[in-house]
Amino acid sequence: MLRLPQTVTHQQAGKYLKELMEDIKDECVEGRPKCFFIDASNLEVFDSSALAILVHLKMEVIRNGGVLEINDLPDRLSELAKLYGILGLLTNSHSQTVK
């Protein structure tokens, strides 16, 4: 299971995205679907960069034929995702397609 750190803001976003993408790419095997889980329960300090990371990871996993489930999304981040209109993308792991 992948875990988000306690703090994800614009300052750390690039570093964390790179690390998480490497973890995902190491696990992706062409032609073999993979289910990834991200534990977001540690998140306490964040900005919209946390959403950008999650959306980017979700899209990358879907492109590779996998599924990404995000667990324990903090209430404040859920509210921010709802405000941006992307909460369904982060919470719905069924019927995922990317064109």
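What counts and what doesn't
Residues numbered from 1 in each chain as written. Predicted model: local features only at pLDDT ≥ 70, side-chain atom pairs only at ≥ 80, totals over all residues. Heavy atoms only, no water. Helix = DSSP H or I, 4+ residues; strand = E, 2+ residues; numbered from the N terminus. Buried < 20%, exposed > 50% of the residue type's maximum accessible area, 1.4 Å probe, protein only. Areas by Shrake-Rupley, 256 points an atom, 1.4 Å probe, with all protein chains shown as cover. Core = buried A, V, L, I, M, F, W, Y, C linked by side-chain atoms within 4.5 Å. Contact = heavy atoms within 4.5 Å. pLDDT = per-residue confidence, 0-100.

1. So, the overall build of the protein chain
When its secondary structure is counted, the protein chain shows four helices and five strands. Secondary structure of the protein chain in N-to-C order comes out as β-β-α-β-β-α-β-α-α. By the burial criterion, 36% of the 99 residues in the protein chain qualify as buried. Counting only carbon and sulfur atoms, one obtains 48% of the accessible surface of the protein chain, whose full area is about 6,100 Å².

2. A word on the nonpolar core
Counting 25 residues, the largest nonpolar core has Leu54, Leu57 and Leu77 as the members making the most contacts within it. Taken together, the elements giving at least two residues each to this core come down to α1 (10-27), β3 (35-39), α2 (48-63), β5 (67-71) and α3 (75-84). In terms of residues, this core owes the most to one element, α2, which gives six residues. Not counting chain neighbours up to four residues away, the residues in contact with Leu54 comprise Leu4, Ile38, Leu68, Ile70, Leu73, Leu77 and Leu90.

3. Digging into the confidence of the model for the protein chain
In this model, the protein chain carries an average pLDDT of 86, and 86% of its residues clear a pLDDT of 70 or more. Across the protein chain, strand β4 (residues 45-46) holds the top mean pLDDT of 96, while α1 sits lowest at 88. Low confidence marks residues 93-99, where pLDDT is under 50. Its contacts with residues over four positions away, or in another chain, come to 13 contacts.

4. Quick look at the environment of Val8
Mapped onto the secondary structure, Val8 falls in strand β2 (residues 7-8). Taking the C-alpha atoms as reference points, Val8 and Phe46, separated by 38 residues in sequence, lie 4.7 Å from one another. Those residues in contact with Val8, other than ones at most four positions away along the chain, are Tyr16, Leu43, Val45, Phe46, Asp47, Ala50 and Ile53.

5. With respect to the side chain of Asp39
By the secondary structure assignment, Asp39 is in strand β3. Once you skip the residues sitting within four places of it in the chain, Asp39 turns out to touch Met1, Leu2, Arg3, Leu4, Asn71 and Asp72.

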